[in-house]
Amino acid sequence: MRDEIGNIKVVQILPSHIKGFYSKLSKAGYAHSTIKNINTMIYPALEMAVDDDIIRKNPAKGSISDYGRPAKEREALSISQQEKLIDFVKQSNVYNVHYPMLMIMIGTGLRCGELIWLTWKDVDTRARRLNVDHQLIYKNLGDGCRFHISTPKTDSGIRVIPMTQEVQKAFEEQRKINFMLAKDKSIEVDGYSGFVFTAKSGRPLMPYGVNSVLYNIVDAYNYNKEEVQKAKKEHRKAELLPKVSAHVMRHTACTRMAECRMDIKVLQYIMGHAHIDVTMDVYNHLGDRERIEQEIARLDSMAINF
């Protein structure tokens, strides 16, 4: 960045400079999401120059376009993969402290920003309800780019999610863990305190903290010597887990609910989808899978008749 646009004076930066920079990143193989993240740093800086009357227009405005390779589609975990992940965490002496969080992610389908900014005031285990009305965002609100608590972008993001018994138990277990680890409840961020999921410092987990936990769990599972040795003895490949992120967990939660044939409008509400077509994509995927399985089953029955 320093060699491309970092040495150009702010008053001399043109939209073509920004687009040319993003084009080079795209040709270098960077993902669209990565270029978009870079734009979230460049745009606010230039917008401040506009506010200070240094430049008249922001040259980064509308420059992101479709640069970069498209993100790989993140698939939901299969039921088998989900069970392996959950069982491994539950039985691990190292990672079992994260078991309640994983159960809550699977059982609610919360966005990462919603999950990590949950406070105990949002959790009503007696009524088995979860109140979602704020989330974490990374934005420049006049104090530089940093994390803030914000209301959801749309009204659909504000919702009350009923808890299953498993989710209820997970929250109760998380409360015990926080008590045993003496997590500091007094830490306040943007007027909020008493966070459900916190780091050792008592501050709420950041998105990279949640993903780091998931990545480490998957790595630990995949390098499990017992599974590898067992696979060798059985002359098969070891059953490894794919890369799991907070987004994959949310998509997995949505898929499990859809597989149970939950009413699509109810599922849309629980997931906080602003548009029904996002929810429909999950149902359409399931439909395709079921049609394939039905056709294979039909072939099996025909083979038996022969």
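Residues numbered from 1 in each chain as written. Predicted model: local features only at pLDDT ≥ 70, side-chain atom pairs only at ≥ 80, totals over all residues. Heavy atoms only, no water.

Another point: the overall build of the chain. Each helix and strand counted, the chain has 12 helices and seven strands in total. Put simply, the chain has 306 residues, and 39% of those count as buried. Pairs at least 24 residues apart make up 60% of the contacts formed inside the chain by residues separated by at least 6 positions. For the chain, the exposed surface amounts to about 19,000 Å²; the carbon and sulfur share of it is 52%. (Helix = DSSP H or I, 4+ residues; strand = E, 2+ residues; numbered from the N terminus. Buried < 20%, exposed > 50% of the residue type's maximum accessible area, 1.4 Å probe, protein only. Contact = heavy atoms within 4.5 Å. Areas by Shrake-Rupley, 256 points an atom, 1.4 Å probe, with all protein chains shown as cover.)

Although it is not a glycine, Arg 128 adopts a positive phi angle of roughly 55 degrees. Note on placement: Arg 128 falls in the loop between strand S1 (123–124) and strand S2 (129–132). On the accessibility criterion, Arg 128 (28% relative accessible area) is partly exposed. Phi at Arg 261 is positive, roughly 60 degrees, even though this residue is not glycine. Tracing the backbone shows Arg 261 in the loop between helix H10 (246–259) and helix H11 (264–271). Residue Arg 261 is classed as partly exposed on the basis of its relative accessible area of 42%.

All right, on to the packing of aromatic side chains then. In total, this model carries five aromatic pairs according to the counting rule given. Feature note: the residues Phe 88, Tyr 95 and Tyr 221 constitute an aromatic cluster, connected by ring pairs. (Phe/Tyr/Trp six-rings, centres within 6.5 Å; stacked < 30°, edge-to-face > 60°.)

Attention now goes to the packing of helix H5 (residues 99–108) against helix H7 (residues 165–180). Between two packed helices, what matters for the description is the angle formed by their axes and the separation of those axes. In contact at an axis separation of 9 Å, H5 and H7 are set at 150 degrees when each is read in the N-to-C sense. By the angle between their axes, H5 is roughly antiparallel relative to H7. Helix-helix and strand crossings are classified by hand; for H5 and H7 the assignment is left-handed. Seen from H5, the contacting residues are Pro 100, Met 101, Met 103, Ile 104, Gly 107 and Thr 108; seen from H7, they are Glu 166, Val 167, Ala 170, Phe 171, Glu 173, Gln 174 and Ile 177. (Axes fitted to C-alpha atoms, helices over the stretch in contact; angles between N-to-C directions. Parallel < 35°, antiparallel > 145°, perpendicular 65-115°, else oblique. Left-handed = near helix turned anticlockwise from the far one by under 90°.)

This brings us to the pattern of salt bridges. Per the counting criterion, the structure on display carries three salt bridges. When the shortest N-O distance is used, the salt bridge between Arg 256 and Glu 259 registers 2.7 Å. With Arg 256 and Glu 259 both in helix H10, this residue pair falls three residues apart, about one helical turn. What makes Glu 259 partly exposed here is its relative accessible area of 27%. A network of salt bridges, in which partner residues are shared, links Arg 111, Glu 114 and Arg 159. (Salt bridge = Lys/Arg side-chain N within 4 Å of Asp/Glu carboxyl O.)

Considering the arrangement of structural elements, one finds Thr 108 in helix H5. Relative accessible area serves as the criterion here: at 2%, Thr 108 is assigned to the buried category. At 2.6 Å, the side chain of Thr 108 forms a polar contact with the backbone oxygen of Ile 104. Within polar-contact distance, the side chain of Thr 108 engages the backbone nitrogen of Leu 110 at 3.4 Å. Ignoring sequence-local partners within four residues, the contact set of Thr 108 consists of Leu 130, Ile 161, Val 167, Met 257 and Ile 270. (Polar contact = N/O pair within 3.5 Å; in protein donor to acceptor, adjacent residues only side chain to side chain.)

What follows deals with the pairing of S2. On S2, burial follows the alternation: Leu 130 and Val 132 on one face are buried, whereas Arg 129 and Asn 131 on the facing-out side are not. Judged from the two bridges that link them, S1 and S2 form a sheet pairing that is antiparallel. By the bridge assignment for S2, Asp 124 is matched with Arg 129. Taking the residues between adjacent antiparallel strands as the criterion, S1 and S2 are bridged by four residues, where Arg 128 takes a positive phi near 55 degrees. Two elements, S2 and strand S5 (residues 159–162), share four bridges in a ladder whose sense is antiparallel. (Pairing = 2+ DSSP bridges.)

Moving on to the packing of helix H4 (residues 79–91) against H5. Direction vectors running N to C along H4 and H5 enclose 155 degrees, while the axes themselves pass 9 Å from each other. Taken together, the axis directions place H4 and H5 in an arrangement best described as roughly antiparallel. Once H4 is placed against H5, the crossing between them reads as left-handed. Contacts between H4 and H5 involve Gln 82, Leu 85, Ile 86, Val 89 and Lys 90 from the first element and Tyr 99, Leu 102, Met 103 and Ile 106 from the second. Each residue belonging to the contact of H4 with H5 can be placed in one class, and the counts come to seven nonpolar, one polar and one charged. (Nonpolar A, V, L, I, M, F, W, Y, C, P; charged D, E, K, R; others polar.)

As a further point, take the side chain of His 134. Examined against the element boundaries, His 134 turns out to sit in the loop between S2 and strand S3 (135–140). There is a polar contact of 2.7 Å between the side chain of His 134 and the backbone oxygen of Trp 117. Beyond its immediate chain neighbours, meaning those up to four positions away, His 134 contacts Glu 114, Trp 117, Asp 122, Ile 149, Ser 150, Thr 151, Pro 152 and Tyr 192.

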